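Listed here are the chains, written in short residue letters.
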Amino acid sequence: MKKAVSVMVLVAVAALSILCFGSMASAGEEIKMVGVITKIEIAGPDAKTATATLKDNKTEQPVVITVNDDLTLDKFKDHRIVEGDEIRCKYEVIDGKNVSKLFRKTAGC
Amino acid sequence: MSKKSVTAVVLCLALAATAALAASEHPGKESIEKSGYKGPETCEECHPGTAKAFLDTVHWKHASKVTNVDNINPKLEYGMKNRIYVMCNGNDIVNNLKEIPKSPVTGKSKFSGCNTCHPGNHLSDVGSTGPAAAAAVDCLVCHSTEYDFRQRKAFKNEKGEVVMGQDRSTKAALAIGKPTVKNCMVCHEAAGGGVIVKRGFSFTKDTDAHAAKGMVCVDCHKTKNHKMPTGHDPNNWANDGVFLSCADTSCHGVKPHKDADLNRHSAKIACQTCHIPRTGGAFAKDFTVWEQTPDKFYEPTTLKKEANETTPAYAWYNGTVKNTPHFIGPKGSRKDGKSKITPFKIFQGRAYYNKQTGELLSMDFAQPMSNGDTRAGVLSAAKTLGLKNPEKIAKEAVPGWQTIYFGSNHLVTKTKALYCANCHAPNGVLNFKDLGYSDKEIVKLTSPELYMEKVAKKQKEEW
């Protein structure tokens, strides 16, 4: 913790722009898509992973997304996210799987 | 034992106690199991008067009297029910839950309305009273961990009325407890038109120091008789008359640091300024131009960022609010003895203004959502509100911008809290000039003289 403070201070004193955490999200090769869920597969209430098939709005092709984050898994389990919902998704290809980095309903105003 | 380990022990005990409480079963379980769940009346057997009392809260009324805002009538009630601003350019009244006109492209309709984020069934709607309203309260949306959200959807009943569904299953009623983060986030996470849109409000171990400690919303928003304490966000007016702040003595007090240099700052600087250095969500919307989405419906053009991606704006704030057609935000000054430098999320929205009066108009979203016709939305809202000559108003309405400031009160960090040079370097986060400091003072406030020795010492300790 102390270290973090001093690093911050060093950065701050030297930096061009203070507090430049930058855009934290865009590290790897992320692919963005919007699509409607056609299928959710999740193995029971204790599942630590699930897959959702999205029909890509641009290409009309099905894309299978692997979801590992607890918040989204929970939304599958209690049906806050269901088949038919439109999703904005960012994923990364890891070991041949499309692993979700962001999985969000596109709800408007 | 050092002070720190005492705190640690106390914290552990507190956490253990909370965990024990959470694990203990709801004493009503057996009885509910026997007779099944029939809605609030089941709870009322042991918690009499609860539902009726709930009807008098902001969560039911979406409004309350408001005393700290300019240009409003102190005798009336304001809130999501009737306010007009540009984060969402409507309200519960003009955007009452309904089936929108069919899309001319797909022939499909859908349900839409602001009052979906209300724990009633829409037949008993925002602000309704009486026995039917008391029976319609969705206790489980806040209290059950087994809620099935497929039930919480709008549908039409046999009389053609639009009803908001609820999960009233006995299964859900058997999983009663103190509200979890998820219970609250059912509505709060998508305020403003989608997840994190309004304030970048994410409450996870990665985004909030309190969430990382396992705290939940109601650990801070301690609620008695369903009166929910809140702060003084300049754009969240409605309140139950109870308030909370980071500096409450029951939480941290005004001198939470071992370092007196930090504590000294809390006279003029809000805790949030140092501890919530980032904000996020949507930063601009255009309600005069809607974009078609892949499902062929439309939504207002929206520019947005992730939860932690934008820098706040800093302003003096004394808890009172300037409210004009083109600006809703904090009032305060360096000199009034009450204001503190406070971080805000700035948002700008374009919507239609009344050509005659210059007032901001509101919009029914049903028409623009269906076919992009925004003036038809203005017309429908003007009619609902009983404005004179609604056709003329809609036809002549002039697009214009409004800037609004949102309080930034979550996304708390300790490790990334602002430290001396974040503010006192010449390119620091605060614009001392805009904040009312003289050139002479600024020279002093931006000199390493203020922190050289201290930061040097800290640097040395760490290497």
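Conventions we followed
Residues numbered from 1 in each chain as written. Chains lettered and ligands numbered in written order. Predicted model: local features only at pLDDT ≥ 70, side-chain atom pairs only at ≥ 80, totals over all residues. Heavy atoms only, no water. Helix = DSSP H or I, 4+ residues; strand = E, 2+ residues; numbered from the N terminus. Rg over C-alpha atoms; globule rule 2.2 N^0.38 Å. Buried < 20%, exposed > 50% of the residue type's maximum accessible area, 1.4 Å probe, protein only. Contact = heavy atoms within 4.5 Å. Areas by Shrake-Rupley, 256 points an atom, 1.4 Å probe, with all protein chains shown as cover. Lys, Arg positive; Asp, Glu negative; His and termini not counted. Charge placed at Lys NZ, Arg CZ, Asp CG, Glu CD. Pairing = 2+ DSSP bridges. Axes fitted to C-alpha atoms, helices over the stretch in contact; angles between N-to-C directions. Polar contact = N/O pair within 3.5 Å; in protein donor to acceptor, adjacent residues only side chain to side chain. Salt bridge = Lys/Arg side-chain N within 4 Å of Asp/Glu carboxyl O. Phe/Tyr/Trp six-rings, centres within 6.5 Å; stacked < 30°, edge-to-face > 60°. Lys NZ or Arg CZ within 6 Å of the ring centre and 35° of its normal.

> How would you summarise the overall build of chain B if you had to cite specific residues and measurements?
Scanning chain B from N- to C-terminus turns up 19 helices and 13 strands. Taking 2.2 N^0.38 as the reference for a compact globule, 463 residues should give roughly 23 Å; the C-alpha atoms of chain B span a radius of gyration of 24 Å, in line with that estimate. Counting only C-alpha atoms, chain B reaches 75 × 65 × 45 Å along its principal axes. Expressed as a percentage of the 463 residues in chain B, the buried residues total 47%. Residue pairs at least 24 apart in sequence account for 65% of intrachain contacts in chain B once pairs closer than 6 positions are excluded. When the accessible area of chain B is evaluated, it comes to approximately 23,700 Å², of which 57% is carbon and sulfur surface. Treating the 63 positive side-chain charges of chain B as one cloud and the 46 negative ones as another, the clouds have centres 4 Å apart.

> Now, about the sheet that holds strand β4 (residues 86–94) of chain A: what can you tell me, with residues and values included?
Residues and elements named next belong to chain A. As summarised here, the arrangement of the 5 strands in space is β1-β2-β3-β5-β4, forming a closed barrel in which the pairing is mixed. Neighbour-to-neighbour, the strand axes of the sheet open up by a mean angle of 55°, direction not taken into account. As defined by bridge partners, strand β1 (residues 31–42) adjoins strand β2 (residues 50–56) across 7 bridges and the pair is classed as antiparallel. Counted as the bridge partner of glycine 35 is aspartate 56 from β2.

> Give me the lowdown on helix α9 (residues 181–188) of chain B, citing residues and values where you can.
α9(B) sits mainly inside the fold: 6 of its 8 residues count as buried. All of the buried residues along α9(B) are Val181(B), Lys182(B), Asn183(B), Cys184(B), Met185(B) and Val186(B). Buried residues in α9(B) make contact with α2 (70–77) of chain A together with α7 (139–143) and α11 (217–220) of chain B.

> Give a detailed account of the side chain of Ser128(B), specifying residues and quantitative values.
All names here are of chain B. Relative to the assigned elements, serine 128 resides in the loop between β4 (111–112) and α6 (131–136). Separated by 2.7 Å, the side chain of serine 128 and the backbone oxygen of aspartate 125 make a polar contact. Contact partners of serine 128, with chain neighbours within four places excluded, come to Leu55, Trp60 and Ala133.

> Which residues make up the environment of Asn409(B), and what values go with them?
Residue and element names in this part refer to chain B. Here asparagine 409 is to be found in the loop between β13 (398–407) and α17 (420–424). For asparagine 409, a relative accessible area of 34% corresponds to the partly exposed category. Considering only alpha carbons, one finds asparagine 409 and arginine 199, 210 residues apart in sequence, at a separation of 9.3 Å. Excluding residues within four positions of it along the chain, asparagine 409 makes contact with Gln272 and Ile276. A distance of 2.7 Å separates the side chain of asparagine 409 from the side chain of glutamine 272, its partner in a polar contact.

> Please give an account of the pattern of salt bridges that cites residues and values.
Scanning the model with the defined rule gives 26 salt bridges over all chains in all. Salt-bridge contacts for Arg264(B) lead to Asp261(B); the nearest nitrogen and oxygen are separated by 2.9 Å. Here Asp261(B) and Arg264(B) lie together in helix α12 (residues 260–265), a separation of 3 residues that amounts to about one turn. Residue classification places Asp261(B) among the partly exposed residues on the basis of a relative accessible area of 29%. Here Arg350(B) makes a salt bridge to Asp286(B), at a shortest N to O gap of 2.9 Å. Pair noted here: Arg350(B) is in strand β12 (residues 340–353) and Asp286(B) is in strand β7 (residues 279–292), with a separation of 64 residues, a long-range link. Judged by relative accessible area, Arg350(B) falls into the partly exposed class, the value being 26%. Taken together, the shared-partner salt bridges in this structure form one network comprising Asp74(A), Asp78(A), Arg80(A) and Lys182(B).

> Could you give an account of the packing of aromatic side chains, naming the residues involved and the relevant values?
For the coordinates displayed, the defined rule picks out 13 aromatic pairs over all chains. Judged by centre distance (5.2 Å) and plane angle (70°), the rings of Trp290(B) and Phe365(B) are edge-to-face. Linking Trp290(B) in strand β7 with Phe365(B) in the loop between β12 and α14 (366–371), this pair joins segments that are 75 residues apart in sequence. This pair shows no difference in class: Trp290(B) is buried, exactly as Phe365(B) is. Pairwise contacts between aromatic rings join Tyr317(B), Phe327(B), Phe344(B) and Tyr405(B) into one cluster. The ring of Phe149(B) is capped by Arg80(A), whose NZ or CZ atom sits 5.6 Å from the centre of that ring. A cation over a ring is seen here: Arg83(B) above Trp237(B), with NZ or CZ 3.5 Å from the ring centre.

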